[in-house]
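Chain by chain, the residues:
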Amino acid sequence: LSFSGVPSLVNLNIADLTGIEDFISLEYLSVADNQLNNLDISNNTQLKEFSCGRNQLSSLDVSQNISLELLICREMNITNLDLSNNTSLITLDCDLNNLTILDVSNNINLVNLLCAWNSISSLDLSNNTSLRQLNCMDNTLTSLDLRNGNNQNFGSNWGPGISGGLSSVNNPNLNCVSVDDPIWAAANWTVGTYYNIDAHTSFSDDCANFNLATA
């Protein structure tokens, strides 16, 4: 399979290959469901949507892909994901990896965040003022900060693969979630279509004080 002579290719979806050529004009690229163990997209600076899930990748460098709006890198072995340059990112799906840290503080346009089935212990989403969908279930969270002024919009934009606008279940050490308004959260974020939260998890406007009071 040769792509020589088509450097201006914009859309490309490839499966069942072990490698891929660089095309500097690509905006939409899917290489999901292959056996790739390394991938260099540093020259694809115009990428807006990129899917590479279910490969053999343990690392992924998207530092040069500053136009990315959608990134799907689920079901692999990624241990570190630097998103500091991806300020245009709207949707991130990094479910089922080996992440212990996820910093999305620079991703202020983020609307959908799926980071379930990792080993993340702390998640600060206070800068993510557009966030409407969060699935962080099955991690090792001890801290979750949702004080972003946008709590009441959770559940108004959610998609497949998540039990609701907000899911944090199966985080046994997450005793408290910092929220904009704990009274409103307790009254509205109940288990149901949009929300799924462990029964032992409480809400506070400052979980640091809550944890001190319950220690």
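Our structure is the block above this text.
The rules behind the values
- Residues numbered from 1 in each chain as written.
- Predicted model: local features only at pLDDT ≥ 70, side-chain atom pairs only at ≥ 80, totals over all residues.
- Heavy atoms only, no water.
- Salt bridge = Lys/Arg side-chain N within 4 Å of Asp/Glu carboxyl O.
- Helix = DSSP H or I, 4+ residues; strand = E, 2+ residues; numbered from the N terminus.
- Buried < 20%, exposed > 50% of the residue type's maximum accessible area, 1.4 Å probe, protein only.
- Contact = heavy atoms within 4.5 Å.
- Pairing = 2+ DSSP bridges.
- Axes fitted to C-alpha atoms, helices over the stretch in contact; angles between N-to-C directions.
- Disulfide = S-S within 2.5 Å.
- Phe/Tyr/Trp six-rings, centres within 6.5 Å; stacked < 30°, edge-to-face > 60°.

## With respect to the pattern of salt bridges
Alright, step 1. A full pass over the atoms with the stated rule returns six salt bridges.
Alright, step 2. Between R54 and E75 there is a salt bridge, with its nearest N and O atoms 3.3 Å apart. Of this pair, R54 sits in the loop between β3 (49–51) and β4 (70–72) while E75 sits in the loop between β4 and β5 (91–93), placing them 21 residues apart in sequence.
Alright, step 3. The class of E75 is partly exposed, set by a relative accessible area of 31%.
Alright, step 4. Residue R74 pairs with E75 through a salt bridge whose shortest N-O separation is 2.8 Å.
Alright, step 5. Residue R74 is classed as buried on the basis of its relative accessible area of 19%.

## Notes on the environment of I78
Alright, step 1. Relative to the helices and strands, I78 resides in the loop between β4 and β5.
Alright, step 2. For I78, a relative accessible area of 1% translates into the label buried.
Alright, step 3. Not counting residues up to four positions away in its chain, the partners in contact with I78 are L57, S58, S59, L60, C73, N97, N98 and L99.

## Considerations on the sheet that holds strand β11 (residues 176–178)
Alright, step 1. As summarised here, the arrangement of the four strands in space is β7-β9-β11-β13, forming an open sheet in which the pairing is parallel. The strands lining the two open edges of the sheet, one partner per strand, are β7 (122–124) and β13 (202–204). Taking each pair of neighbouring strands and ignoring which way they run, the sheet shows an average axis angle of 25°.
Alright, step 2. Two strands pair when backbone bridges link them, and strand β9 (residues 143–145) and β11 are joined in this way by two bridges, in the parallel orientation. Across the sheet, residue D145 finds its bridge partner in β11, namely S178.

## A short note on the state of the cysteines
Alright, step 1. For the coordinates displayed, the defined rule picks out one disulfide.
Alright, step 2. The side chain of C176 participates in a disulfide bridge whose partner is C207; the two sulfur atoms lie 2.0 Å from each other. Looking down the S-S bond of the C176 and C207 bridge, the torsion is -80°, so its handedness is left-handed. On the criterion of sequence distance, the pair formed by C176 in strand β11 and C207 in helix α2 (residues 207–214) is long-range, its members being 31 residues apart. Accessibility assignment for this pair places C176 and C207 in one class, buried.
Alright, step 3. Free cysteine C73: the closest other cysteine sulfur is in C94, separated by 5.5 Å.

## With respect to the environment of S143
Alright, step 1. Note on placement: S143 falls in strand β9.
Alright, step 2. As for S143 and S121, which are separated by 22 residues in sequence, their C-alpha atoms are 6.7 Å apart.
Alright, step 3. In contact with S143, other than residues within four places in its own chain, are S121, S122, L123 and L174.

## Here's the deal with the packing of aromatic side chains
Alright, step 1. Summed over the entire model, instances satisfying the criterion amount to four aromatic pairs.
Alright, step 2. Plain terms: the ring middles of W189 and Y195 are 6.1 Å apart, the flat faces sit at 35° to each other, and that makes the pair tilted.
Alright, step 3. Classification of W189 as buried rests on a relative accessible area of 4%.
Alright, step 4. Ring pairing ties together the aromatic residues F154, W184, W189, Y195 and F203, which thus form one cluster.

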